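As a plain string of letters, each chain reads:
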Amino acid sequence: MIRKLMLAVAALVAAMSMAFAQVDVNKADAAALDSVKGVGPATSKLILEERTKGGDFKDWTDFAKRVKGVGDKRAAKLSQAGLQVAGKPFGGAGAAKPTAAAGKPAPSAKPAPAPAKM
């Protein structure tokens, strides 16, 4: 009985890992692209045609520019479903912008209290 339970758990874990497998648009075939939630046969055909015509996609910006119907919102959903471009998930429109200069505390950070005099 325990053996069957352990096999069932192992099968469930294996199925979950396959469901969240990462698919790179530069390496995937039509079947792999179709396995990503949100990518159907029409979109996978567009992706493959554009990849054949213009070469590998450099990044998500290049992907969105070349594949009709993909903007930031859809790119984020496709990335969450496991799609990657050049091995990277979608980072969003402003993801590359730093929030604070290196070495400076964030504006909301409070300064450290002065050491007590003895």
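Located above this text is the structure these notes cover.
Below or above, wherever it landed, is the structure these notes cover. (Residues numbered from 1 in each chain as written. Predicted model: local features only at pLDDT ≥ 70, side-chain atom pairs only at ≥ 80, totals over all residues. Heavy atoms only, no water.)

## Side note on the pattern of salt bridges
Operational definition: Each reported salt bridge corresponds to a side-chain nitrogen of Lys or Arg within 4 Å of a carboxyl oxygen of Asp or Glu. Each helix corresponds to a stretch of at least 4 residues labelled H or I by DSSP, and each strand to a stretch of at least 2 residues labelled E; elements are numbered beginning at the N terminus. Partly exposed residues are those whose accessible area sits between 20% and 50% of the maximum for their type, while under 20% is buried and over 50% is exposed, using a 1.4 Å probe and protein chains only.
Scanning the entire structure with this criterion turns up four salt bridges. Two residues, R66 and E50, come together in a salt bridge whose shortest N-O distance is 3.2 Å. Residue R66 is found in helix α4 (residues 60-66), and its partner E50 is found in helix α3 (residues 41-54); the two are separated by 16 residues along the sequence. Take R66 and E50: they sit in the same class, and that class is buried. Linking R66 and D62 is a salt bridge whose minimum nitrogen-to-oxygen distance equals 2.9 Å. Of this pair, R66 and D62 both sit in helix α4, separated by four residues, roughly a single helical turn. Note on accessibility: R66 and D62 belong to one class, buried. Residues joined in a network through salt bridges with shared partners are E50, K53, D62 and R66.

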